[in-house]
Amino acid sequence: MDHTLHHHTEHHTHQAAASWGTAVKATLHCLTGCAIGEILGMVIGTALGWGNVPTMALAIGLAFLFGYSFTLFAVARAGLSLKAAIKVALAADTVSIAVMELVDNAIIALTPGAMDAHLTEGLFWYALLGGFAVAFLITTPVNKWMIGRGKGHAVVHAHH
């Protein structure tokens, strides 16, 4: 019975630590990696003359790569082995990056003309940045919920 009470108390402690500020910071961290990867992917795909699907695939792949790498390097600097750091990065960022990329790319795909807009056109940047803004607003509550349950970026904080 004592163990159950202790476990229940720990659960509430995790929820109390899940402030909106913590969720915003976690989401901004994710957004930074996603934005760098996605923009780089769009630039590379466009420069190589690729079509929409391979360019988006590259952009999404790079968004995950950069999103994970930010966490990976941070926890590796804290002393974790590469294998342990990879596990933490995957646990911390997968859901956040997936939600961010799903929302952002849906906004771009659903914005008339955005898929065919070039990097030099305002429509491309408005759709991309608007997609990031909407993705941030949707991903922040997801991160808050996950952190409150000891998941997502809560896993990273255990290593700081």
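Check the entry above for the structure.
Throughout what follows, the structure given in this document is the object of discussion. (Residues numbered from 1 in each chain as written. Predicted model: local features only at pLDDT ≥ 70, side-chain atom pairs only at ≥ 80, totals over all residues. Heavy atoms only, no water.)

1. Describing the side chain of threonine 139
Stage number 1. Of note, threonine 139 is situated in helix α5 (residues 122–148).
Stage number 2. In this structure threonine 139 comes out as buried when scored by relative accessible area, which is 0%.
Stage number 3. Here the side chain of threonine 139 touches alanine 135 through a polar contact of 2.7 Å, landing on its backbone oxygen. (Helix = DSSP H or I, 4+ residues; strand = E, 2+ residues; numbered from the N terminus. Buried < 20%, exposed > 50% of the residue type's maximum accessible area, 1.4 Å probe, protein only. Polar contact = N/O pair within 3.5 Å; in protein donor to acceptor, adjacent residues only side chain to side chain.)

2. So, the environment of alanine 26
Stage number 1. Within the secondary structure layout, alanine 26 lies in helix α2 (residues 20–47).
Stage number 2. Placed 118 residues apart in sequence, alanine 26 and lysine 144 show a C-alpha to C-alpha distance of 8.7 Å.

3. Side note on α2
Residue pairs spaced three or four apart in an α-helix point in one direction, given the helix's 3.6 residues per turn.
Stage number 1. For α2, spanning 28 residues, the distance from its first C-alpha to its last is 39 Å, which sits close to the expected 40 Å at 1.5 Å a residue.
Stage number 2. Note on α2: the residue one or two positions beyond its end, glycine 49, has a positive phi of about 75°. (Expected span 1.5 Å × (residues − 1).)

4. Considering the nonpolar core
Stage number 1. Ranked by size, the top nonpolar core spans 30 residues in total, and within it Cys34, Met42, Val75, Met100 and Ile108 carry the most contacts.
Stage number 2. Where this core is concerned, the elements lending two or more residues are α2, α3 (52–77), α4 (82–110) and α5.
Stage number 3. Counting residues per element, this core draws most heavily on α4, at 9 residues. (Core = buried A, V, L, I, M, F, W, Y, C linked by side-chain atoms within 4.5 Å.)

5. Considerations on the packing of aromatic side chains
Stage number 1. Under the definition given, this model contains 2 aromatic pairs.
Stage number 2. Ring centres of phenylalanine 64 and tyrosine 68 lie 5.9 Å apart, and the angle between their planes is 50°; on these two criteria the pair is classed as tilted. Linking phenylalanine 64 with tyrosine 68, this pair stays in helix α3, spanning 4 residues, or about one helical turn.
Stage number 3. Residue tyrosine 68 is classed as buried on the basis of its relative accessible area, which comes to 17%.
Stage number 4. Aromatic pair phenylalanine 124 and tryptophan 125: ring centres 4.8 Å apart, planes at 90°, arrangement edge-to-face.
Stage number 5. When the ring centre of tryptophan 20 is taken as reference, the NZ or CZ atom of lysine 144 above it lies at 5.1 Å. (Phe/Tyr/Trp six-rings, centres within 6.5 Å; stacked < 30°, edge-to-face > 60°. Lys NZ or Arg CZ within 6 Å of the ring centre and 35° of its normal.)

6. With respect to the side chain of threonine 140
Stage number 1. Tracing the backbone shows threonine 140 in helix α5.
Stage number 2. In contact with threonine 140, other than residues within four places in its own chain, are Trp20, Ala23, Val24 and Thr27. (Contact = heavy atoms within 4.5 Å.)

7. Notes on the environment of glycine 41
Stage number 1. When you line up the elements, glycine 41 lands in helix α2.
Stage number 2. Using a relative accessible area of 0% as the deciding quantity, one classes glycine 41 as buried.
Stage number 3. Residues glycine 41 and glycine 61 lie 20 residues apart in sequence; the distance between their C-alpha atoms is 8.1 Å.
Stage number 4. Each residue touching glycine 41, except ones within four places of it in the same chain, is listed here: Thr55, Leu58, Ala59 and Leu62.

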